[in-house]
There are 2 protein chains.
Amino acid sequence: MAASSSSSSFSKPPCAACKFLRRRCLSGCIFAPYFPPEEPTKFVNVHKIFGASNVSKLLNEIPAHQREDAVNSLTYEAEARLKDPVYGCVGAITILQRQVFTLQRELDATNADIMRFASGTGAPRGSGSGYDDPNSTDYWTGKGQDGGI
Amino acid sequence: MAASSSSSSFSKPPCAACKFLRRRCLSGCIFAPYFPPEEPTKFVNVHKIFGASNVSKLLNEIPAHQREDAVNSLTYEAEARLKDPVYGCVGAITILQRQVFTLQRELDATNADIMRFASGTGAPRGSGSGYDDPNSTDYWTGKGQDGGI
């Protein structure tokens with residue numbers, strides 16, 4: 001009995017969140033399943049951008065089976081914001097949006113080439129075919145282009 | 001003199017951040033230029049996801065001419081997280097990444113069609129042309145596909 005009551009030194013180590021916040025990592029800790037002690041930076045980054053309290057609230061509002069995905073997306077956003085404090089992961093959205101625009105324009109032009117081949121008027125592609133005004137308005141401002149997602 | 005010293009009722013209203021945080025909006029308030037009183041929701045959303053203290057720290061670390069862009073991207077991220085607590089704006093990244101993959105595959109197949117037309121072997125496109133394994137690993141997990149952004 002004495003051995004079991006003094007066995008705290010044999011209990012598992014606190015999760016990265018509780019260790020960072022210098023608090024006891026109790027059974028049922030909302031952070032523990034997603035912030036293991038071996039990955040301290042993951043929590044530090046998420047805490048720095050969102051704050052431990054906000055992350056805790058968010059996780060408590062999400063069904064347990066979706067919490068890992070939520071932590072992964074928060075981690076991704078936090079890392080992106082630390083790398084790029086101005087645009088964060090919205091920078092990636094802007095770049096991807098431009099890629100979609102460029103690829104769609106190229107695909108339309110290539111399809112037009114095929115139509116010309118098929119109709120026997122296989123003239124070289126006109127440089128002005130497709131969209132003439134890329135006007136790649138930033139996805140996240142919602143101006144101009146329809147975000148649609 | 002008496003009139004000017006009691007003229008606080010004629011001063012401009014506090015910014016949305018200071019009003020929400022119930023504090024005096026002093027000259028040089030870091031939030032004031034980006035969170036006008038007419039848009040109270042903008043600050044409420046950003047505060048709910050990132051916390052006023054984190055936003056203030058972030059803005060203070062960014063050159064003044066980039067702060068508006070930073071607030072816009074934070075606002076976008078906050079709104080996306082409120083709409084989709086699990087994936088936030090990373091959901092948009094995943095969708096855009098899949099669009100890029102699909103468009104690239106379609107463009108490659110269409111270019112192959114053109115090559116067939118040009119070489120006089122204009123056979124119909126094989127259904128299995130292009131990439132057979134979309135393996136659209138989520139952009140933000142960094143697994144499989146090279147994020148590259």
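The rules behind these values
- Residues numbered from 1 in each chain as written.
- Chains lettered and ligands numbered in written order.
- Predicted model: local features only at pLDDT ≥ 70, side-chain atom pairs only at ≥ 80, totals over all residues.
- Heavy atoms only, no water.
- Helix = DSSP H or I, 4+ residues; strand = E, 2+ residues; numbered from the N terminus.
- Buried < 20%, exposed > 50% of the residue type's maximum accessible area, 1.4 Å probe, protein only.
- Contact = heavy atoms within 4.5 Å.
- Areas by Shrake-Rupley, 256 points an atom, 1.4 Å probe, with all protein chains shown as cover.
- Core = buried A, V, L, I, M, F, W, Y, C linked by side-chain atoms within 4.5 Å.
- Least-squares fit on C-alpha atoms with pLDDT ≥ 70 in both.
- Expected span 1.5 Å × (residues − 1).
- Buried area = accessible area lost by both parts, 1.4 Å probe.
- Salt bridge = Lys/Arg side-chain N within 4 Å of Asp/Glu carboxyl O.
- Axes fitted to C-alpha atoms, helices over the stretch in contact; angles between N-to-C directions.
- Parallel < 35°, antiparallel > 145°, perpendicular 65-115°, else oblique.
- Left-handed = near helix turned anticlockwise from the far one by under 90°.
- Nonpolar A, V, L, I, M, F, W, Y, C, P; charged D, E, K, R; others polar.
- Phe/Tyr/Trp six-rings, centres within 6.5 Å; stacked < 30°, edge-to-face > 60°.
- Lys NZ or Arg CZ within 6 Å of the ring centre and 35° of its normal.
- pLDDT = per-residue confidence, 0-100.

Looking at the overall build of chain A
So, point 1. When helices and strands are counted, chain A shows six helices and zero strands.
So, point 2. Helices and strands in chain A line up, N terminus first, as α-α-α-α-α-α.
So, point 3. The proportion of buried residues among the 149 residues of chain A is 37%.
So, point 4. In chain A, the proportion of contacts linking residues at least 24 apart, taken out of those at least 6 apart, comes to 47%.
So, point 5. Carbon together with sulfur atoms contributes 53% to the accessible area of chain A, which is approximately 8700 Å² in total.

Here we look at the nonpolar core
So, point 1. With 46 residues, the main nonpolar core has Phe31 and Phe50 of chain A together with Phe31 and Phe50 of chain B as its most contacted residues.
So, point 2. Secondary-structure elements contributing two or more residues to this core are α2 (16–21), α3 (40–50), α4 (52–60) and α5 (67–83) of chain A together with α2 (16–21), α3 (40–50), α4 (52–60) and α5 (67–83) of chain B.
So, point 3. One finds Cys89, Val100 and Leu103 of chain A together with Leu107 of chain B within the second-largest nonpolar core, a separate group that totals 20 residues.

Things to note about unusual backbone geometry
Residues and elements named next belong to chain A.
So, point 1. You will see that Arg22, though not glycine, has its phi angle at about 55°, which is positive.
So, point 2. Within the secondary structure layout, Arg22 lies in the loop between α2 and α3.
So, point 3. You can call Arg22 exposed: its relative accessible area is 78%.

Focus on the relation of the copies chain A and chain B
In this structure, two copies of a chain are linked by a rotation about an axis accompanied by a shift along it.
So, point 1. Turning chain A through 180° and shifting it by 0.0 Å along the axis lays it on chain B, with an RMSD of 0.1 Å. Taken together, the rotation and translation relating the two chain copies correspond to the operation of a two-fold axis. Relative to the rotation axis, the closest C-alpha in chain A is found at Phe50 of chain A, a distance of 2.2 Å.
So, point 2. Residue by residue, 100% of the interface of chain A is reproduced at the interface of chain B, so both copies engage with the same surface.

Focus on helix α6 (residues 90–118) of chain B
So, point 1. With 29 residues, α6 of chain B should reach 42 Å at 1.5 Å per residue; the first-to-last C-alpha distance of 42 Å fits that figure.
So, point 2. Looking one or two places after α6 of chain B, you find Gly120 of chain B, whose phi comes out positive at around 80°.

A look at the interface of chain A and chain B
So, point 1. Contacts between chain A and chain B engage 43 residues on the former and 43 residues on the latter.
So, point 2. Summed over both partners, the interface of chain A with chain B comes to about 4000 Å²; 73% of that surface belongs to carbon and sulfur atoms.
So, point 3. At the junction of chain A and chain B, the tally comes to two salt bridges.
So, point 4. One salt bridge connects Arg81 of chain B with Glu77 of chain A, and the closest N-O pair in it is separated by 2.5 Å.

Some points on the packing of α4 of chain A against α5 of chain A
Think of two packed helices as two axes; the pair is described by the angle between the axes and how far apart they sit.
Residues and elements named next belong to chain A.
So, point 1. Two numbers describe how α4 lies on α5: the axes approach to 10 Å, and their chain directions differ by 150°. In terms of orientation, α4 and α5 fall into the roughly antiparallel class. Every pair of crossing elements has a handedness; the one defined by α4 and α5 is right-handed. Of α5, the residues touching α4 (which contributes Val55, Leu58, Leu59 and Asn60) are Arg67, Ala70, Val71 and Leu74.
So, point 2. Residues of the contact of α4 with α5, tallied by class, amount to six nonpolar, one polar and one charged.

Considerations on the pattern of salt bridges
All names here are of chain B.
So, point 1. With the rule as written, the count across this model stands at four salt bridges over all chains.
So, point 2. Across the pair Asp113 and Arg116 runs a salt bridge whose closest N-O atoms are separated by 2.5 Å. In this pair, Asp113 and Arg116 both sit in helix α6, three residues apart, roughly one turn of the helix.
So, point 3. Residue Asp113 is classed as buried on the basis of its relative accessible area of 10%.
So, point 4. Under the relative-accessibility criterion, Arg116 is labelled partly exposed at 22%.

Topic: the packing of aromatic side chains
So, point 1. By the definition in use, this model includes nine aromatic pairs over all chains.
So, point 2. On the basis of an interplanar angle of 65° and a centroid distance of 6.0 Å, the ring pair of Phe31 of chain B and Phe35 of chain B is categorised as edge-to-face. Take Phe31 of chain B and Phe35 of chain B: they sit in the same class, and that class is buried.
So, point 3. Here Phe35 of chain B and Phe43 of chain B contribute two aromatic rings whose centre-to-centre distance is 5.3 Å and whose plane-to-plane angle is 85°, an arrangement assigned as edge-to-face.
So, point 4. For Lys42 of chain A, the ring lying beneath its charged end belongs to Phe35 of chain A, and the centroid distance is 5.6 Å.

Topic: α4 of chain B
Counting along an α-helix, one turn takes 3.6 residues, and residues three or four places apart therefore face a common direction.
So, point 1. Ala52, Asn54, Val55, Ser56, Leu58 and Leu59 of chain B are the residues of α4 of chain B that are buried.
So, point 2. In this fold, the buried residues of α4 of chain B make contact with α3 and α5 of chain A together with α2, α3 and α5 of chain B.

Structural notes on the confidence of the model for chain A
Residues and elements named next belong to chain A.
So, point 1. Overall, the predicted model of chain A reaches an average pLDDT of 82, with 74% of residues at or above 70.
So, point 2. Mean pLDDT across the elements of chain A bottoms out in helix α1 (residues 2–5) (41) and peaks in α5 (98).
So, point 3. This stretch, residues 1–9, has a pLDDT under 50; its non-local contacts, to residues over four places away or in other chains, come to zero contacts.
So, point 4. In this model, residues 127–149 is a region of pLDDT below 50 whose contacts with residues beyond four sequence positions or in other chains number 38 contacts.
So, point 5. Here the complex is predicted with pTM 0.77, and the ipTM for its interfaces comes to 0.76.

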